[in-house]
Amino acid sequence: NALPPPPPIPTSKLEATATKVAEITAAVQKIRDEQQDTLVGVDPNSAVAAAAHAAIAEASAPPDLEEVVSIFGEVVEDPLLRKVNEKETCDSPKDIAQEMKKVNQDIMTSFVTLTQVLLQEPEAAREDLVKVSKLLIRLLEESNRYREHQARENLIAVLEEKVEAKRKALAEVERGLEATQEALQEVAKMR
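Described in the following lines is the structure provided in the data block. Because the structure is predicted, anything quoted here is derived from the model rather than measured.

### Focus on the overall build of the protein
A count of helices and strands for the protein gives four helices and two strands. In sequence order, the secondary structure elements of the protein are arranged as α-α-β-β-α-α. When the 191 residues of the protein are sorted by exposure, 15% land in the buried category. Intrachain contacts of the protein at a sequence separation of at least 6 include 60% that bridge at least 24 residues.

### Observations regarding a negative patch on the surface
A surface patch of negative charge is lined by Glu174, Glu178, Glu182 and Glu186. Looking at the element boundaries, glutamate 178 is found in helix H4 (residues 126-190). Judged by relative accessible area, glutamate 178 falls into the partly exposed class, the value being 48%.

### Brief notes about H4
With 65 residues, H4 extends 95 Å from end C-alpha to end C-alpha; this agrees with the ideal 96 Å at 1.5 Å per step. The axis of H4 is deflected most strongly, by about 30 degrees, at arginine 147. Regarding H4, the residues found buried are Asp128, Val132, Ser133, Leu135, Ile137, Glu141, Glu142, Asn144, Arg145 and His149.

### Details of helix H3 (residues 93-120)
With 28 residues, H3 extends 40 Å between its outermost C-alpha atoms, agreeing within 8% with the 40 Å of an ideal straight helix rising 1.5 Å per residue. Of all the residues in H3, the buried ones are Ile96, Val103, Ile107, Ser110, Leu114 and Val117. Those residues of H3 hidden inside the fold are in contact with H4.

### Regarding the pattern of salt bridges
Under the counting rule described, the total for this entry stands at six salt bridges. Notably, a salt bridge pairs lysine 102 with aspartate 106, separated by 3.8 Å at the nearest N-O pair. Here aspartate 106 and lysine 102 lie together in helix H3, a separation of four residues that amounts to about one turn. When its relative accessible area of 31% is taken as the criterion, aspartate 106 is described as partly exposed. Between arginine 145 and glutamate 142 there is a salt bridge; the shortest N-O distance is 2.9 Å. Here the residue arginine 145 and the residue glutamate 142 both occupy positions in helix H4, the gap between them amounting to three residues, near one helical turn. Each of the two residues, arginine 145 as well as glutamate 142, counts as buried. Each of Glu99, Arg138, Glu141, Glu142 and Arg145 takes part in one network of salt bridges that share partners.

### Considering the side chain of glutamate 142
Under the relative-accessibility criterion, glutamate 142 is labelled buried at 0%. Within the structure, the side chain of glutamate 142 is placed 2.5 Å from the side chain of arginine 138, a separation counted as a polar contact. Not counting residues up to four positions away in its chain, the partners in contact with glutamate 142 are Ile96, Glu99 and Met100.

### Examining the packing of H3 against H4
Running from amino to carboxyl end, H3 crosses H4 at an angle of 160 degrees, the nearest separation of the two axes being 9 Å. Between H3 and H4, the interaxial angle falls into the category roughly antiparallel. Relative to H4, H3 is oriented so that their crossing is left-handed. Its residues assigned to classes, the contact of H3 with H4 comprises 14 nonpolar, four polar and seven charged.

Reading guide: rules and limits
- Residues numbered from 1 in each chain as written.
- Predicted model: local features only at pLDDT ≥ 70, side-chain atom pairs only at ≥ 80, totals over all residues.
- Heavy atoms only, no water.
- Helix = DSSP H or I, 4+ residues; strand = E, 2+ residues; numbered from the N terminus.
- Buried < 20%, exposed > 50% of the residue type's maximum accessible area, 1.4 Å probe, protein only.
- Contact = heavy atoms within 4.5 Å.
- Patch = residues over 30% accessible without salt bridge, like charges linked within 9 Å, V, L, I, M, F, W, Y side chains within 5 Å.
- Areas by Shrake-Rupley, 256 points an atom, 1.4 Å probe, with all protein chains shown as cover.
- Salt bridge = Lys/Arg side-chain N within 4 Å of Asp/Glu carboxyl O.
- Lys, Arg positive; Asp, Glu negative; His and termini not counted.
- Charge placed at Lys NZ, Arg CZ, Asp CG, Glu CD.
- Expected span 1.5 Å × (residues − 1).
- Bend = angle between axes of the 7 residues up to and from the residue.
- Polar contact = N/O pair within 3.5 Å; in protein donor to acceptor, adjacent residues only side chain to side chain.
- Axes fitted to C-alpha atoms, helices over the stretch in contact; angles between N-to-C directions.
- Parallel < 35°, antiparallel > 145°, perpendicular 65-115°, else oblique.
- Left-handed = near helix turned anticlockwise from the far one by under 90°.
- Nonpolar A, V, L, I, M, F, W, Y, C, P; charged D, E, K, R; others polar.

Here it is as structure tokens:
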């Protein structure tokens, strides 16, 4: 009853990304070399040379590459880096929490179905595996949507603590001021 070996790691996406990085690096180096040749004979300390070097650095910066992760052996786009649509930022935390509960229930149901299919027909589990993967990605997306509300609540709590600390400090200063005024009044009476 040995466990079957894990599925092979899909390397095609990683190889494609590595090839793209190599191409971009070569193109950047070519641009730098071409533009460096145009600066021959220019004083390296001059403003023209400094501006040209800054322009070369800016123009030759490689573009961002698509980030990928592996979920259940499948290479997919990193859900943590997914751009949030403006429409999605308007939801209340309660709506997001309800959606997360719903997705979590769907994950549990799909996972039970997946385990049943794996026990009966392991070869036919591909569709259920994809469904669970998509639901997990959806849960990550929902938790990302909730983060802005969580950050806002944390900021409110921190600011309320600071306000309370400042109120206590102000009350202490006022008590000290009153004590000082009383002491000054007693000294004035003694004169």
